[in-house]
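Analysis of the macromolecular model
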Amino acid sequence: MNSDKILKNVLFVASLLILLISGAMIFSLVRGSMLSIHQFGWKFLISSEWNPTQGDEHYGALLFIVGTLMTSVLALVIAIPLAFSTSLFVAEYFKGTRLASIVSTMVDLLAGIPSIIFGLWGFYILRPFIVSMGLSPQGYGIFTSGLILSIMIIPYATSLSNTTISMVSNELKEAAYSLGATRLEVILNVILPNARSGITASYILAFGRALGETLAVTMLIGNSNIMPTGIFSTGNTMSSVIANQFGEASGLQLSALVEIGLLLFVITTIINAIGKFIIKKFA
Amino acid sequence: MNQTTILSQKANANDLADSFIGRKIKDRVFLGVVILFSLLTISMVLLIIGTLVFKGHHQINWAFFTQTAPNTFDAMMAKSSGQLIPGGIVNGITGSLYLVLIASLIAIPFGVLIGIYVYENQQSKYASFLRDTADVLQGVPSIVIGLIAYLWVVVHVTHGYSVLAGSVALAIMMLPLIMRSTEESLKMIPDTLKEAAMALGTPYYKVIWRVLIPTSFSGLMTGILLAISRILGETAPLMLTTLGNPEITWNITKPISAVPLLIWQFYNDPNMVDLIWSSTLFLMGFVLILNLLSKWIAAKRKI
Amino acid sequence: MKKNSLFLALVIMLAAVNSTVKGQNSLSGAGATFPLPFYNMAFEQYSKATGEKVTYGGIGSGGGIRSLSDKVVDFGASDAFLSDKELSGMPAPVLHIPTCSGAVVVAFNLPGVQAIKLTPAVLVDIFMGKIKNWNDASLKKLNPSVKFPDLAITVVYRSDGSGTTNMFTDYLTKVSKEWAAKLGSGKTVNWVTGIGAKGNPGVAGTISQTKGAIGYVGSEYSFAQKIPTAYLQNKAGKFIRPSIASISAAGKSTIPADTRIMLTNSDAALAYPISGFTWILIYKDQNYANRSLAQAEATLKLIDYMVSANAQKVAAQVNYAPLPASVVKQAKSILRSVTYNGKPVIK
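Residues numbered from 1 in each chain as written. Chains lettered and ligands numbered in written order. Predicted model: local features only at pLDDT ≥ 70, side-chain atom pairs only at ≥ 80, totals over all residues.

1. Here's the deal with the overall build of chain C
When its secondary structure is counted, chain C shows 14 helices and 13 strands. For 347 residues, the compact-globule estimate of 2.2 N^0.38 gives 20 Å, and the C-alpha radius of gyration of chain C, at 23 Å, lies within 12% of that figure. A principal-axis box enclosing the C-alpha atoms of chain C has dimensions of 75 × 60 × 35 Å. Expressed as a percentage of the 347 residues in chain C, the buried residues total 53%. Of the contacts formed within chain C by residues at least 6 apart in sequence, a portion of 72% connects residues at least 24 apart. (Helix = DSSP H or I, 4+ residues; strand = E, 2+ residues; numbered from the N terminus. Rg over C-alpha atoms; globule rule 2.2 N^0.38 Å. Buried ≥ 20, exposed ≤ 12 C-beta atoms within 10 Å, placed from the backbone. Contact = placed C-beta atoms within 7 Å.)

Here is the structure:
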């Protein structure tokens, strides 16, 4: 009993680390944004200006918020069917075979590729492809970066899903088969409900990865501070603008960039909450 | 039992779609779609990996793994005479390994422990809050995490760019992945197993150590592997915390190099761009080895 | 397995502590990416010659200034000198020592065309989006022998904050009142037309892949890649091709004692008009944050090496413009003014 209590306390103390890290992060971000918050207030959220000209500095986050949401949501929309199919392929249909092992290893390799390489691959291979399809004159834009993002987040979406799908108890599946269910019905009615928590968790983690991705997006989105007019227009994202300008920024510009970082935190929280709420409703 | 009721209800419906043939067709079509999409995914992966191998394989030789990064003049000379760029990335390789090791030493124990805590307290609001916080942490851009590690460690602890700062930044990025996959893997273990162990009077820590963790081991390994793969390729946080180093070093309070930092350096240097592909191949090779290793360990431990 | 991992952790800690205790003189610096290839080469040679290790991280001029301000490096490096306001924001007085010069070149992609001439006015109009097509009359007037196609001009600029942008826009501000009023100068500006690409490779890559593109790139990059660049008309009226000689020439005009000056639009007759220094930054008094006198001496020795003949020769080899002799003299006198606790470090 004594060791149980010790263990419970150890676990609790360990859990405080995540709170400590996030709390300290928010504290640092808020402190850094104070200058910008005082200067622009609420208008920061709805202004689409980004003018670093000395003497006329005016910053607003709207452009970047829109760009981030468009690219990340697009990435998730493309990635989910691909990742889900691959997960079923590896963890259900061809579970335990050599083929499944090879496929899952190959997909996992994607996670180790630095984002700059994805950016370059997108620049040299994907971009000319999109230009040749006539979708966009330069090949840059929301669609190109969203597509690259989707490839980058597939390993995050498949990894945990594979585990949870393959861990669904055989007994449950066999019981369903013995009642005459087809494979699809077993997937929809047995596997999905049971693995739902793990699958959802992996998609949320994948979405988080998409939101925070910087380099690959910045190399393919065109970095124009305009309001995106459509899926093939250029634009800019929150992570991109922070990574691009942070190294050389100071004063008000730096504060505005830090405030964008803070906003990213807030937006991630809101979207995650919405996503989890929707999934609960679908239960 | 719910599933059985649903299925028998479906079997009683009169719709064509729910008739036996309809269901079989849907089943086949779905399989076709799954295979199609999987093939699409695999072909994209092959395309990317193929490009890397094609562009980078000729720069890989023994020197690549044993020599430090070349300077721009040697690279320029080599390029103009059509030879392979001399030198290698050994300072980056040792740096990356060192950073990953220290980061793992921090992140794995904490990540697993927090995952266990959340698993053991499913209903509590606090655990829910922890889970949500971890998911949000996952979405923070790596440059922001690098900035935080710069403020906390570089400025206040080591008073200079250091391995420790880099490892802290990388560990923060690993935490959400390890924590969530630990929790989700533990959740997939049938309750009966845990209850049986506890019914035998096993102390709690032994139940975790001897029953829960081994059973969910492959899931844990998956999460750890994904986390390590991710941090191997991260550049931005390392630029703000470890700076880089032209030599091999083991000092935890001093700057160190890493393969992604070298890749960034090569990319920005007009004479050394060709080296980025072979460096990436190294990273992928390392991830591959880790992958195979973890699959082998998981196979050995299968219950 | 638990025992093994604990043992491993112990070994690592011991190794880490061990190397801390050994502590040889190692210097670290951070900052500008522009001189990175030159600095790396010079530092490598310095290490070979003296045994002192030097680590340099190209994290950007802003990062370098920040690192120096936070006192986590021995020296910072920047393409843009600190303004009076920025100097007063630093915790202690900071000195600028120039190490070499570079330039911003105007690169373009016109099939079949290797060189074009541009005047400041035309350059400004292109980057402001007023001249939209290559067959514009003003371009034909400057280059009567060039066959310009009917091709739209695509401007390419740096999406990331950079000293290159700073130098380029500083020049444009000096030669055009309209540019000064509407866009001004800075490491990032509010471009009115074109696409942004990250880093020199990003801009150069975009230009080479886009027909009709025009943009600005760091000279060391364009020289190494042999990218077609424009001849610019300088203040003296001559059309100058960017080269190591014409970049060095820009430094031959009068420089203030503290070397804080933008060399753009230089008076010198043969100067390439968009040139500038890059500096190493150090504190005037080296006794801060527990720095030892030995560390201060080592830092100054390194910087002295950088401005001396051996390192300057290396600069030219890798496409950077060496400092004119007069500037080297100024640099060395600045080094002599560095103190430790009020006493000069270099006797």
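2. As for the overall build of chain A
The number of helices and strands found in chain A is 11 helices and 2 strands. Mapped in sequence order, the helices and strands of chain A form the string α-α-β-β-α-α-α-α-α-α-α-α-α. With respect to the principal axes defined by its C-alpha atoms, chain A has extents near 75 × 65 × 35 Å. The buried share of chain A, taken over its 283 residues, is 56%. Residue pairs at least 24 apart in sequence account for 71% of intrachain contacts in chain A once pairs closer than 6 positions are excluded.

3. A word on the interface of chain B and chain A
Contacts between the two partners involve 82 residues from chain B and, on the opposite side, 79 residues from chain A. Residue classes in the side of chain B that touches chain A are distributed as 51 nonpolar, 20 polar and 11 charged. (Nonpolar A, V, L, I, M, F, W, Y, C, P; charged D, E, K, R; others polar.)

4. Quick word on the sheet that holds strand β9 (residues 231–233) of chain C
In spatial order, the strands read β5-β9-β10 (chain C); together these 3 strands make up an open sheet with mixed pairing. A single partner strand is all that each edge strand has here, and the edge strands are β5 (117–118) and β10 (239–240) of chain C. (Pairing = 2+ DSSP bridges.)

5. A short note on the packing of helix α3 (residues 62–93) of chain A against helix α4 (residues 98–110) of chain A
Residues and elements named next belong to chain A. α4 packs onto α3 with a crossing angle of 140 degrees between their chain directions and a minimal axis gap of 8 Å. Relative to α4, the element α3 lies oblique. As for how α3 packs across α4, the hand of that crossing is left-handed. Together, T86, F89 and V90 of α3 and A100, V103, S104 and V107 of α4 make up the contact between the two elements. When the residues that make up the contact of α3 with α4 are grouped by side-chain class, the tally is 5 nonpolar, 2 polar and no charged. (Axes fitted to C-alpha atoms, helices over the stretch in contact; angles between N-to-C directions. Parallel < 35°, antiparallel > 145°, perpendicular 65-115°, else oblique. Left-handed = near helix turned anticlockwise from the far one by under 90°.)

6. Structural notes on the nonpolar core
Most often, soluble globular proteins keep nonpolar side chains buried together rather than apart. Formed by 286 residues in total, the largest nonpolar core has its most connected members in A:I153, A:A206, B:M174, B:L175, B:I178 and C:V106. By residue number, the principal contributor to this core is helix α5 (residues 90–120) of chain B, which donates 16 residues. (Core = buried A, V, L, I, M, F, W, Y, C linked by C-beta atoms within 7 Å.)

7. Overview of the sheet that holds strand β1 (residues 26–31) of chain C
Residue and element names in this part refer to chain C. The 8 strands are arranged β2-β1-β3-β11-β4-β8-β6-β7 in an open sheet whose pairing can be described as mixed. Two strands in the sheet have a free side with no partner beyond their single neighbour: β2 (53–57) and β7 (195–197). Between one strand and the next, the sheet's axes are offset by a mean angle of 25 degrees, whatever the strand orientation. Summarising the sheet, β1 and β2 pair through 5 bridges and their orientation is parallel. Each bridged residue has a counterpart across the sheet, and for S26 the counterpart in β2 is K53.

8. A look at the interface of chain C and chain A
Every contact between the two is made by 22 residues of chain C and, on the other side, 20 residues of chain A. Counting residues per element, the ones that place at least two in the side of chain C that touches chain A are α3 (61–69), β7 and α9 (199–209) of chain C. For the side of chain C that touches chain A, the leading source of residues is α3(C), giving 3 residues. In terms of residue class, the side of chain C that touches chain A is built from 4 nonpolar, 15 polar and 3 charged.

9. Side note on helix α7 (residues 163–175) of chain C
Residue and element names in this part refer to chain C. Over its 13 residues, α7 extends 19 Å from the first C-alpha to the last, a length consistent with the 18 Å expected when each residue adds 1.5 Å. The buried fraction of α7 is high, at 12 of 13 residues. Along α7, the residues classified as buried are G163, T164, T165, N166, M167, F168, T169, D170, Y171, L172, T173 and V175. (Expected span 1.5 Å × (residues − 1).)

10. Things to note about the environment of B:I252
Relative to the helices and strands, B:I252 is located in the loop between α12 (236–241) and α13 (259–268). Expressed as a C-alpha distance, the spacing of B:I252 and B:A165, which sit 87 residues apart in the sequence, is 8.9 Å.

11. As for the pairing of strand β8 (residues 213–218) of chain C
Residues and elements named next belong to chain C. For β8, a buried count of 6 out of 6 residues is recorded, marking the element as mostly surrounded by other parts of the structure. Of the two faces of β8, both are covered, the one formed by A213, G215 and V217 as well as the one formed by I214, Y216 and G218. Both strand β4 (residues 94–108) and β8 contribute to a ladder of 5 bridges, which runs antiparallel. Opposite V104, over in β8, you have G218 as the bridge partner. Pairing analysis gives 3 bridges linking strand β6 (residues 154–158) to β8, with the strands arranged parallel. When the bridges of β8 are listed, T154 appears paired with A213.

12. Here's the deal with the environment of A:G235
Inspection of the secondary structure puts A:G235 in the loop between α9 (215–220) and α10 (238–246). Along the backbone, A:G235 and A:I116 are 119 residues apart, and their C-alpha atoms lie at a distance of 19 Å.

13. Focus: the pairing of β6(C)
All names here are of chain C. Most of β6 sits out of view: 4 of its 5 residues are buried. Where β6 meets β7, 3 bridges bridge the pair, whose relative direction is parallel. Bridge pairing in β7 places R158 opposite A197.

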